[in-house]
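# Examination of the molecular architecture
Residues per chain, in single letters:
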Amino acid sequence: MHPERFESWLTVGTHGLYCRPGGFHIDPHSAVNRAVITHAHSDHARAGHDHVLATRETLALMKARLGSAAKLGTQALGYGERLQVGDVTVRLVPAGHVLGSAQVVIEWRGRRAVISGDYKRSADPTNPPFELVPCDLFVTEATFALPVFSHGDAMGEVAKLLKSLKQFPERAHVVGVYGLGKCQRLIALLREAGHAEPIYLHGALAAACQIYESFAVELGALKPATGAKREELKGAVVLAPPSAIADRWSRRMPDALTAFASGWMRVRARARQRGVELPLVISDHADWRELTRTIHETGAHEVWVTHGREDALLHHIQLTGRQGRALALIGREDEES
């Protein structure tokens, strides 16, 4: 293995990205002996691994979502702590994506690789902000890697929701949110904007909110939507999984006004397809400007791209004089955007 050639010791195999001198996979898409997990979304954290290394928060979320974080044992690593794994040194640093999300920093024989996992650079009161790490190789996600994607100010989108509540006080505002990350971030942003009223939750969202609160993320008054009287749901914010905002569950709400918080709401056709009246462009991924800025700021001469729209970003990487490579990692979805 030659440390100057990253592809000689960071390889893509049957299970995904593998660090040969460390003897572990990063976010493998099928069960392996040793896995380092960047965060607890289901396209990165899978069941069945023998051993898992991750942040405490990610391990807690994996246990809640999967029943167990690992079959034989887990190890929690705090942000910034260094750990010798095989022949490499590993650190986890904040990715800013969701609670517990981390970039994996691997150092071997004077070379440093950073595997970003999913990340964002915008403010999020529910988890530590993204930490930039200078490196030789940067492995970046590309969920929103097209110039058309500019997420803008999340608080501006929250202001739209609050304005609608004032305009339509008799209507329940049913907002589709992903259960891990988007749900809790939207709640926290609403609280920052001064919305102190109870927020109602679909039952599928409660467990992750409880874990956030166990890690000292304050979410305020939360109530179950199921069983609530129609009268108390008038003018209320009701959060639900995206699949529930258009089914029978939401139709029991008083004159439901449907909203959806996602980076995909930048695409009007997606909002129309889902029948969304109030699209909210709030994303937990980096947009085009954040992706290109981050690549530049890492100083990496080599950039590998995965998990999304690779072509445009690879073209940008090559135009700026860097080496680019698309990683064809299977099992990657964009459901938590």
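An account of the accompanying structure is given in this report.

Conventions we followed
Residues numbered from 1 in each chain as written. Predicted model: local features only at pLDDT ≥ 70, side-chain atom pairs only at ≥ 80, totals over all residues. Heavy atoms only, no water. Helix = DSSP H or I, 4+ residues; strand = E, 2+ residues; numbered from the N terminus. Rg over C-alpha atoms; globule rule 2.2 N^0.38 Å. Buried < 20%, exposed > 50% of the residue type's maximum accessible area, 1.4 Å probe, protein only. Contact = heavy atoms within 4.5 Å. Lys, Arg positive; Asp, Glu negative; His and termini not counted. Charge placed at Lys NZ, Arg CZ, Asp CG, Glu CD. Pairing = 2+ DSSP bridges. Axes fitted to C-alpha atoms, helices over the stretch in contact; angles between N-to-C directions. Phe/Tyr/Trp six-rings, centres within 6.5 Å; stacked < 30°, edge-to-face > 60°. Parallel < 35°, antiparallel > 145°, perpendicular 65-115°, else oblique. Nonpolar A, V, L, I, M, F, W, Y, C, P; charged D, E, K, R; others polar. Core = buried A, V, L, I, M, F, W, Y, C linked by side-chain atoms within 4.5 Å.

Let us now look at the overall build of the protein. In terms of regular secondary structure, the protein is built from nine helices and 19 strands. On C-alpha atoms alone, the protein measures out to a radius of gyration of 20 Å, which is about the 20 Å that the 2.2 N^0.38 rule sets for 337 residues. For the protein, the spread of C-alpha atoms along the three principal axes comes to 65 × 45 × 30 Å. Out of the 337 residues in the protein, the part that is buried amounts to 55%. Counting only contacts in the protein whose residues sit at least 6 apart along the sequence, the fraction spanning at least 24 positions is 59%. For the protein, the distance from the average site of its 40 positive side-chain charges to the average site of its 37 negative ones is 3 Å.

Across the sheet, six strands lie side by side as β14-β13-β15-β12-β16-β17; this open sheet has parallel pairing. Across the chains shown, the open sheet's two edge strands, defined by having one partner strand only, are β14 (222-224) and β17 (278-280). Across the sheet, the axes of successive neighbouring strands diverge by a mean angle of 30 degrees, strand direction being ignored. Note: strand β12 (residues 173-176) against strand β15 (residues 237-240), four bridges, orientation parallel. Paired with Val175 across the bridge in β15 is Leu239. Here helix α2 (residues 154-167) sits on the sheet in contact with β12, β15, β16 (257-261) and β17, set at roughly 155 degrees to β17. Along the sheet face, helix α3 (residues 182-192) touches β12, β13 (199-201), β14, β15 and β16 and points at about 170 degrees away from the line of β13.

What follows covers unusual backbone geometry. Here Asp27, not a glycine, exhibits a phi torsion of approximately 50 degrees, which is positive. Assignment of secondary structure puts Asp27 in the loop between β3 (24-26) and β4 (34-36). With relative accessibility at 4%, the residue Asp27 sits in the buried group. Even without glycine at this site, Ala216 takes up a positive phi of about 70 degrees. Its place among the elements puts Ala216 in the loop between α4 (206-214) and β14. With a relative accessible area of 68%, Ala216 lands in the exposed category.

Tallying each qualifying case throughout the model produces eight aromatic pairs. Plain terms: the ring middles of Trp9 and Trp108 are 5.2 Å apart, the flat faces sit at 55 degrees to each other, and that makes the pair tilted. Here Trp9, found in the segment before β1 (10-13), pairs with Trp108, found in strand β9 (residues 102-108); they are 99 residues apart in sequence, far enough to count as distant. The same class applies to Trp9 as to Trp108, namely buried. Centre to centre, the rings of Tyr119 and Phe138 are 6.0 Å apart; their planes meet at 65 degrees, and the pair counts as edge-to-face.

This part is about the pairing of strand β8 (residues 88-94). Counting buried residues in β8 gives seven out of seven residues, a clear majority hidden from the surface. Two successive antiparallel strands, strand β7 (residues 82-85) and β8, enclose a turn made up of two residues, where Gly86 displays a positive phi of approximately 60 degrees. Here β8 pairs with β9 via six bridges, running antiparallel. Note that in β9 the partner of Val93 across the bridge is Gln103.

Before going further, it helps to spend a moment on the packing of α2 against α3. It is the contact of α2 with α3, at a shortest axis distance of 10 Å, that shows an interaxial angle of 75 degrees. Judged by the angle between their axes, α2 and α3 are roughly perpendicular. On α3, the residues touching Ala154, Met155, Val158, Leu161 and Leu162 of α2 are Arg185, Leu186, Leu189, Leu190 and Glu192. Within the contact of α2 with α3, the residues separate by chemical class into eight nonpolar, no polar and two charged.

Here we take up the nonpolar core. The biggest cluster of nonpolar side chains holds 43 residues, and the ones touching the most others in it are Val175 and Leu239. Excluding residues that lie within four positions of it along the chain, Val175 makes contacts with Leu161, Leu186, Val237, Val238, Leu239, Ala240, Ile245, Ala259, Phe260, Ala261 and Leu280. Membership of the second largest hydrophobic core comes to 25 residues, among which are Cys19, Trp108, Val139 and Trp304.

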